[in-house]
Amino acid sequence: MKIIKTVNKFLLLFIKSFPIFWKSSKLYTTILLITVPLQGILPALSLWLAKGMIDELSTGVFTNLMIFFLFWLIASFLSSIISPIEMTFQGLLTDKLIYNINRQLMEKSSKLTDLYYFEDSKFYDDIQVIEQEAAWRPVNLMVFATSVIRNGISGISMLFLLTGFHPLISLIILISILPQAFVSYRLQREAFETMVDRSPDSRKLRYYSSVMLSKEHAKEVRLFKLSSFFINKYDQVYNKIHQDIKNVRYKQAIYSILLVLLGLIGIGFSFWWVIEQAINGIFTPGDILVFSSSILLARQSLSSMIEESSLLYDTLLYMEKFFNFLSLKPIVNSGTKEMNLNDSDYEITFDDV
């Protein structure tokens, strides 16, 4: 039940974030919506065309050899030119995205006309995370979103090719991937929550650093010999934060290695079964090429999709804080009513001044 809630939250945050892409640039978003899926499906198409050529050559029947070759050439050409096109427009859209997010933050801050939130320490912890990471979180949102879509389409297309051998092969790969997905999302959320929980300590780090590096405090630091004091404080807080993050990263590495080994066992059994079928003359040399390539590419694409979707989830948790900030309402509303006072209504006097 908790996993389903996490997945639903992930999808809702992603859907809620998508209009930011569209608002930043309709043209760039449209180009990426075309190039990213195409880039994901071209590897499977190239494999299928290569299989056709090898089967034609192995049987000595060259009826469709030229057609397979021409389409394979076109697919290879598209694969070569789409990558730089995607990178170009991804970079352009990222610039627009950073501008748009920062602009929304500034506009929202200007609408908080009272000082209620600015006197709340928790608000400052959240706003520090939002402000500090606004320069690179949108970049991650763009990079990981496009990568998840591309690898997802590529992985699904490879599974479709593998289903032609036996449906259980695709099922084995999916089963071996799912535990990795659950563990990745859980650890990524744990890492993000650790970072958020340490926001007060992060503010301390910024303060200690600013005291040592700013000219406003340079005289006092040297006059009262405070350098060692602030450097030691900085070391203590950093070690405290780093230890928590390090434990999360170690757990992530150990679980990932174990789950990869589990998946390789399933792939090994599947590959041996295909080899036996080829020995018995059921599968062609082209089938061996497709299977050996697609099973590795499917595993690689789906693993990359899970790894990057967990990083995307981390970014979407940041976007959740961003949306929460945009939804804040002023506690005290500024009045717009004007008062007309006659000269005789009030007077100001100074006694014993």
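Residues numbered from 1 in each chain as written. Predicted model: local features only at pLDDT ≥ 70, side-chain atom pairs only at ≥ 80, totals over all residues. Heavy atoms only, no water.

A. Structural view of unusual backbone geometry. Despite not being glycine, Lys225 has its phi angle at roughly 55°, a positive value. Assessed through its relative accessible area of 74%, Lys225 is described here as exposed. (Buried < 20%, exposed > 50% of the residue type's maximum accessible area, 1.4 Å probe, protein only.)

B. Structural view of the pattern of salt bridges. Inspection of the entire model under this criterion finds 4 salt bridges. With a shortest N-O distance of 3.4 Å, Asp287 and Lys51 are connected by a salt bridge. Remark: Lys51 occurs in helix 2 (residues 26-59) and Asp287 occurs in helix 10 (residues 285-326); sequence separation between them is 236 residues. For Asp287, a relative accessible area of 12% gives the class buried. (Salt bridge = Lys/Arg side-chain N within 4 Å of Asp/Glu carboxyl O. Helix = DSSP H or I, 4+ residues; strand = E, 2+ residues; numbered from the N terminus.)

C. Summary view of the nonpolar core. Ranked by size, the top nonpolar core spans 33 residues in total, and within it Leu312, Met319 and Phe325 carry the most contacts. Listed by contribution, the elements that provide at least two residues to this core are helix 1 (2-24), helix 2, helix 3 (65-111), helix 4 (121-133), helix 5 (137-163) and helix 10. Beyond its immediate chain neighbours, meaning those up to four positions away, Leu312 contacts Phe10, Phe14, Leu141, Phe144, Ala145 and Val148. In terms of nonpolar packing, the next biggest core, distinct from the first, is built from 19 residues, Leu47, Met158, Ile295 and Ile306 among them. (Core = buried A, V, L, I, M, F, W, Y, C linked by side-chain atoms within 4.5 Å. Contact = heavy atoms within 4.5 Å.)

D. How the structure looks around the packing of helix 2 against helix 3. Where helix 2 contacts helix 3, the axes come no closer than 8 Å and their chain directions differ by 155°. As far as their axial angle goes, helix 3 and helix 2 are roughly antiparallel. Read as a crossing pair, helix 2 and helix 3 show a hand that is left-handed. Residue composition of the contact of helix 2 with helix 3, grouped by class: 24 nonpolar, 8 polar and 3 charged. (Axes fitted to C-alpha atoms, helices over the stretch in contact; angles between N-to-C directions. Parallel < 35°, antiparallel > 145°, perpendicular 65-115°, else oblique. Left-handed = near helix turned anticlockwise from the far one by under 90°. Nonpolar A, V, L, I, M, F, W, Y, C, P; charged D, E, K, R; others polar.)

The quantities given are spatial measurements derived from coordinates; they are silent on function.
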